[in-house]
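Examining the three-dimensional arrangement
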Amino acid sequence: MIGWLIIACEIGFWFFVLAGLGSRYIMKKKKLGTFLLICTPFVDLILLIVTIFDLKNGAVATAMHGLAAVYIGVSIAFGHRMIQWADGHFNYRFGNGNKPLKIKYGKAHARKERKAWYRHLLSLIIGGGILISIIFYINNSHQTEALMQIMLLWSLIVVIDFFISFSYTLFPKKQKT
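Residues numbered from 1 in each chain as written. Predicted model: local features only at pLDDT ≥ 70, side-chain atom pairs only at ≥ 80, totals over all residues. Heavy atoms only, no water.

This paragraph deals with the overall build of the chain. Broken down by element type, the chain carries six helices and zero strands. Mapped from its N terminus to its C terminus, the chain presents α and β elements in the order α-α-α-α-α-α. On the principal axes, the C-alpha backbone points of the chain span a range of 55 × 45 × 20 Å. Taken across its 177 residues, the chain has 38% of its residues classed as buried. A total accessible area of about 11300 Å² is found for the chain, and carbon and sulfur atoms account for 69% of it. The distance from the centre of the 20 positive side-chain charges to the centre of the 7 negative ones in the chain is 18 Å. (Helix = DSSP H or I, 4+ residues; strand = E, 2+ residues; numbered from the N terminus. Buried < 20%, exposed > 50% of the residue type's maximum accessible area, 1.4 Å probe, protein only. Areas by Shrake-Rupley, 256 points an atom, 1.4 Å probe, with all protein chains shown as cover. Lys, Arg positive; Asp, Glu negative; His and termini not counted. Charge placed at Lys NZ, Arg CZ, Asp CG, Glu CD.)

Shown next as structure tokens:
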């Protein structure tokens, strides 16, 4: 059930983003668009409440429960940036804005990669904090073992991402000629 809820929340997140931007740029209703964009965090709140409720009622934690915390952490850390990205493209397509620039090489690319890693670290701190909080709240190591495994795997992924992201600082991508 949690897996389907995560999928529904992802769909809900993008529904609110697209509805908000569509209202803002296509329907020219800025206040409605802002309201719909503000609704995106409530999707995460619903997922968090249902996940905790499911575990508190005796469900054994699975990778899907851990994935719910990962989803929330990523959504909080990257959500604003994803909305900015979509807003830039909507503004270009429907609002007479400038074409969004892509940073593909050099120091600017390295800076962009480092910032992305910092967001990834923030998502780990948020999602990991949720995982640890759930583990302590449930207070049953057998029931929450999968959550600790997700936390360890995610930490490893963030470490690998660190080396990849910061490698561009030492070895910047060159512009293709």
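Now, onward.
A few words now on the pattern of salt bridges. Taken as a whole and judged by the stated rule, the model has one salt bridge. The closest approach of N and O atoms between Arg-24 and Asp-87, which form a salt bridge, is 3.3 Å. In this pair, Arg-24 sits in helix H1 (residues 2-26) while Asp-87 sits in helix H4 (residues 63-94), placing the two residues 63 residues apart along the sequence. (Salt bridge = Lys/Arg side-chain N within 4 Å of Asp/Glu carboxyl O.)

This next bit is on the environment of Lys-174. Mapped onto the secondary structure, Lys-174 falls in the segment after helix H6 (145-170). Taking the relative accessible area as the measure of exposure, Lys-174 reaches 69% and is therefore exposed. Residues Lys-174 and Ala-86 lie 88 residues apart in sequence; the distance between their C-alpha atoms is 27 Å.

We now examine the layout of surface pockets. Estimates place the volume of the largest pocket at around 590 Å³. The wall of the largest pocket is formed by 19 residues, among which Arg-81, Trp-85, Leu-101, Ile-103 and Lys-112 lie closest to the centre. Here the lining of the largest pocket is built from residues that sort into nine nonpolar, three polar and seven charged. (1 Å grid on protein atoms, 1.4 Å probe; cavity = no way out; pocket = protein on both sides within 12 Å on 5 of 7 lines; lining within 4 Å. Points joined across faces, edges and corners; volume = space filled by probe spheres on them. Nonpolar A, V, L, I, M, F, W, Y, C, P; charged D, E, K, R; others polar.)

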